[in-house]
Amino acid sequence: MSSIMVRTTQKVIVHVAIFILALLPLVSATENHKKKIVHECNDHKVLELSPKLSFQIILHGFLLWASMGFLMPIAMLVIRMSNKEENGRRLKMIVYAHAALQVLSVLLVAVATIMSVINFENFFDNTHQRLGLALYVAIWLPFIAGIFRPDKGSKNRGVWYAFHWLIGVTVTLLGIVNVYIGLQAYNTKTMISTSIWNWLFSVEVAVIAFIYLFQEKWHYIKQSGGILGNESVRPTDQESSPTRKKELSPSS
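- Per an unreviewed UniProt entry, the chain carries the name Cytochrome b561 domain-containing protein and comes from Anisodus tanguticus.
- Listed in UniProt under the heading Subcellular location (unreviewed entry), the comment for the chain reads: "Membrane".
- The record in UniProt for the chain states the following under Cofactor (unreviewed entry): "heme b".

Below you can see the structure in the form of structure tokens.
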């Protein structure tokens, strides 16, 4: 796979993802309104939370937000810092930081999944549970791929990079979507408003998306600044060196 195709795919996925994520709060609010109407009409039983169950649900949601909604996107931003990095020591630190964030994210997802299996009813009859199960399996793929990373310059490096990037971005985006779905499911079950959390999470996603897009142009901005800086100290067309002036002066 050529680098041009990889970059084009990255840009398409990122821009589509940003558009979808920007619409999620509006969709969530609309769906919540519909759920409330259905609840009132059908006398749907609201889940009564004991203090223990409430704490378990909140902790479950916090762990999944920390892993899927924060650590994985940050790990993606961190590894992108290595694209133009030439210093070997800094490059190694970036790779280690990326790996540490990924490992911590996987561990938090594992803890949240174990909590869900032990404490909650899991019939996998809703989108949040089904997507959560799929993500729990999928999150191990970039982790395992990172362990078996081919050396630079090997013939399989390009294929490995495309797979590792694609599965990593896909898991991250679906993880963000599932956070929204989880908030909506919590609102539907308990009728407790989650609007503030939807908007706060949307702000976080928007900031991460902005940094992601900005990173793509940062190297160009630095290069442009260097070029403009060099040009600003160059002599203008009207200025000439003393030797040149002497050559152009009329002979006496």
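## Section: the nonpolar core
Right, so step 1: With 11 residues, the main nonpolar core is built from L63, L64, A66, L71, A75, V78, I94, L101, L108, A112 and M115.
Right, so step 2: Residue assignment for this core shows that the elements contributing at least two residues are α2 (51-80) and α3 (88-119).
Right, so step 3: Broken down by element, the residue count for this core peaks at six residues, all from α2.
Right, so step 4: Contacts of L108, omitting those with residues within four sequence positions, involve L63, A66, S67 and L71.

## Considering the environment of V171
Right, so step 1: Looking at where V171 falls in the secondary structure, it is placed in helix α6 (residues 157-190).
Right, so step 2: Classification of V171 by relative accessible area gives buried; the value is 2%.
Right, so step 3: In contact with V171, not counting residues within four places along its chain, are M68, M72, L135, A138 and I139.

## Quick word on the environment of I57
Right, so step 1: Along the polypeptide, I57 turns up in helix α2.
Right, so step 2: As for I57 and Y186, which are separated by 129 residues in sequence, their C-alpha atoms are 8.6 Å apart.
Right, so step 3: The contacts of I57, once residues within four sequence positions are left out, are L49, F120 and Y186.

## Some thoughts on the side chain of T172
Right, so step 1: One can find T172 in helix α6.
Right, so step 2: Here the side chain of T172 touches G168 through a polar contact of 2.8 Å, landing on its backbone oxygen.
Right, so step 3: Those residues within four positions of T172 in sequence are excluded, and the remaining contacts are M68, M72, P73 and M76.

## Let's talk about the UniProt feature "transmembrane region" (unreviewed entry) in the chain
Right, so step 1: If you check UniProt for "transmembrane region" (unreviewed entry), the listed places come out as residues 53-79, 99-118, 130-148, 160-181 and 196-214 in our numbering.
Right, so step 2: With 89% helix and 0% strand, residues 130-148 has end C-alpha atoms that lie 28 Å from one another.
Right, so step 3: Helix makes up 100% of residues 196-214 and strand 0%, with an end-to-end C-alpha separation of 27 Å.

## Remarks on a nonpolar patch on the surface
Right, so step 1: Taken together, the side chains of V203, V207, F210, I211, F214, W218, Y220 and I221 present a nonpolar region at the surface, about 800 Å² in accessible area.
Right, so step 2: Note that V203 resides in helix α7 (residues 195-232).
Right, so step 3: According to the relative accessible area criterion, V203 is exposed, its value standing at 52%.

Analysis parameters
- Residues numbered from 1 in each chain as written.
- Predicted model: local features only at pLDDT ≥ 70, side-chain atom pairs only at ≥ 80, totals over all residues.
- Heavy atoms only, no water.
- UniProt positions renumbered as here; feature names shortened; annotations may be inferred.
- Core = buried A, V, L, I, M, F, W, Y, C linked by side-chain atoms within 4.5 Å.
- Buried < 20%, exposed > 50% of the residue type's maximum accessible area, 1.4 Å probe, protein only.
- Helix = DSSP H or I, 4+ residues; strand = E, 2+ residues; numbered from the N terminus.
- Contact = heavy atoms within 4.5 Å.
- Polar contact = N/O pair within 3.5 Å; in protein donor to acceptor, adjacent residues only side chain to side chain.
- Patch = residues over 30% accessible without salt bridge, like charges linked within 9 Å, V, L, I, M, F, W, Y side chains within 5 Å.
- Areas by Shrake-Rupley, 256 points an atom, 1.4 Å probe, with all protein chains shown as cover.
- Salt bridge = Lys/Arg side-chain N within 4 Å of Asp/Glu carboxyl O.

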